[in-house]
Amino acid sequence: MNVQTRLNSAVSVRDQFPAIAGWHYLDSAATAQKPQAVIDAITNAYGRDYATVHRGVYERSAAMTQSFEAARAAAASLIGGDESELIFTRGATEAINLVAATFANGNRKRVLLSALEHHSNIVPWQLAGYAIDVVPLTDDGRIDLDAAEKMANESHAIVSFAHISNVLGSILDAKRAAAIAHKVGAKLLLDGCQAAPRLPIDVADIGCDFYVYSGHKLYGPTGIGCLWGRADLLDAMPPYQGGGAMIDQVTFERTTFLDAPARFEAGTPHIVGAIGLHAAIDWTNSIGIDRIHAHEAALTADCRTALLGLNFVTLYGPEDSAGIVSFSVDGVHPHDIGTILDDEGVAVRAGHHCAQPLMELLGVPATARASFAAHSDASDIEALVRGLHTVKRIFG
Ligand SMILES: Cc1ncc(COP(=O)(O)O)c(C=O)c1O
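Each value, and the rule that gives it
- All residue numbers refer to position in the chain's written sequence, counted from 1.
- Per-residue local features of the predicted model are confined to residues with pLDDT of at least 70, and side-chain atom pairs are confined, for both listing and counting, to 80 or more; whole-chain, interface and lining totals are unaffected and use all residues.
- Only hydrogens and water are removed before side-chain values are computed, so all heavy atoms of the structure are retained for them.
- Basic side-chain nitrogens of Lys or Arg form a salt bridge, by our definition, when they fall within 4 Å of a carboxyl oxygen of Asp or Glu.
- Runs of H or I in DSSP of at least four residues are treated as helices and runs of E of at least two as strands, each being numbered from the N terminus.
- Classification of residues uses two cut-offs on accessible area relative to the type maximum, computed with a 1.4 Å probe and protein chains only: under 20% is buried, over 50% is exposed, and between them is partly exposed.
- At least two bridges found by DSSP between two strands are what make those strands a pair.
- Each axis is a line fitted through C-alpha atoms, and for a helix only the stretch in contact is used; angles between axes span 0 to 180 degrees, taken between their N-to-C directions.
- The contact criterion used throughout is that any non-hydrogen atoms of two residues lie within 4.5 Å.

Novice: Give me the pattern of salt bridges: which residues, what numbers.
Specialist: Going through the model one piece at a time under the given rule, you end up with 16 salt bridges. We note a salt bridge from Asp380 to Arg14, for which the minimum N-O separation is 2.9 Å. Pair noted here: Asp380 is in helix H14 (residues 378-395) and Arg14 is in helix H1 (residues 10-15), with a separation of 366 residues, a long-range link. Like Arg14, Asp380 is buried. Notably, a salt bridge pairs Arg230 with Asp232, separated by 2.7 Å at the nearest N-O pair. Judged by relative accessible area, Arg230 falls into the partly exposed class, the value being 25%. One network of salt bridges, in which partners are shared, links Arg14, Asp377 and Asp380.

Novice: Please give an account of the sheet that holds strand E3 (residues 110-114) that cites residues and values.
Specialist: Sheet strands pair via backbone hydrogen bonds, and the direction of the pair is either parallel or antiparallel. Strand order in the open sheet made by the 7 strands is E2-E8-E7-E6-E5-E3-E4, with mixed pairing throughout. Edge positions in the open sheet fall to strand E2 (86-89) and strand E4 (131-135), since each of these has one partner strand only. Averaged over all adjacent pairs, the angle separating strand axes in this sheet is 20 degrees, with direction ignored. Along the sheet, helix H4 (residues 92-102) contacts E2, strand E5 (156-162), strand E6 (187-191), strand E7 (210-214) and strand E8 (225-229); its crossing angle with E7, the most-contacted strand, is approximately 155 degrees.

Novice: How would you explain the pairing of E8 if you had to name every residue and give the values?
Specialist: Within E8, 5 of the 5 residues are buried, which leaves it mostly tucked inside the rest of the structure. Where E7 lies against E8, 5 bridges are found, and the strand directions are antiparallel. Considered in E8, the bridge of Ser214 is made with Gly225.

Have a look at this one:
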């Protein structure tokens, strides 16, 4: 089937990504390539419009402040949130660290995670002194919410799950996860790193309490990410870092702080990062996140079918995995798969994907992973399959 017909302008979408010309980039789950619109926004922000935000009295600074705050509104609106509840961070990692370090739910010091979490959703809780309970997975690689329901109890401060697994591509039933957390008085944090670029999200409809995502996986720049949190929760959280831009009054004896989101954004922010993220969100909306989701789902299904046709390949994750296909080749280390595919102009990720506990559960040291984006098309899958035949030929 010609997947390009599923996203009318797929050819021109691909052409908007200058860095992938002549290349089969199947590593968008690690970081997305940037469309020209984002590159132009960053170039203009530095080359034409640049000034600091929030402090300058001159016109350029006021304009930059407006652009920065417009980016916040766009970043919140992407997930159905309000801009007053949207904190800019360096990425999803910093966003989870911020919550782990500052959120408190009475004296509760346990967190409920799942077996498929990224290290970014494990280590911050350990550093913050939480004890971790781990929800197992279903046989097809989803977070087992029946088990979660049995495990959740009033010792849990928070339930923190990936909205989409970065290894298995499985999509969480987020509304049910929210109900499970709330039933025992816990809060729900969703790690939306993989969901934000490929799934329509509405935090109010889900009923979650915190939502995090990274700009660079959503066609935007690195160094910018988002933490959305419910206003009443953010209001109760102390500052994460201290410095300029987050204070109300400072004396040597005592400092008072601004309200959220400013209270959590110490120092000069990543101004151009926010502007680049805004351009990325506008670009994504111009294609339509629903269409991107459908396009990637169709490619994922085609890719799984093609790989299942190779009797030397093992697939991981559910049939309806979203944009992400993890696999291994019998008797070949994933790094060798990655190297040979690279020789053939195909970029895949090979490794533990920052999910070592999941690798242990799968009983493998690593997997290879192909992941899709709005610019992906059937030629990427064909090149992957060709490359895997080469892998098989070389390793016999
Ligand atoms: C599911 C998931 N969570 C968290 C992260 C960490 O994101 P970042 O490194 O952008 O902070 C990633 C990135 O690979 C991810 O895929």
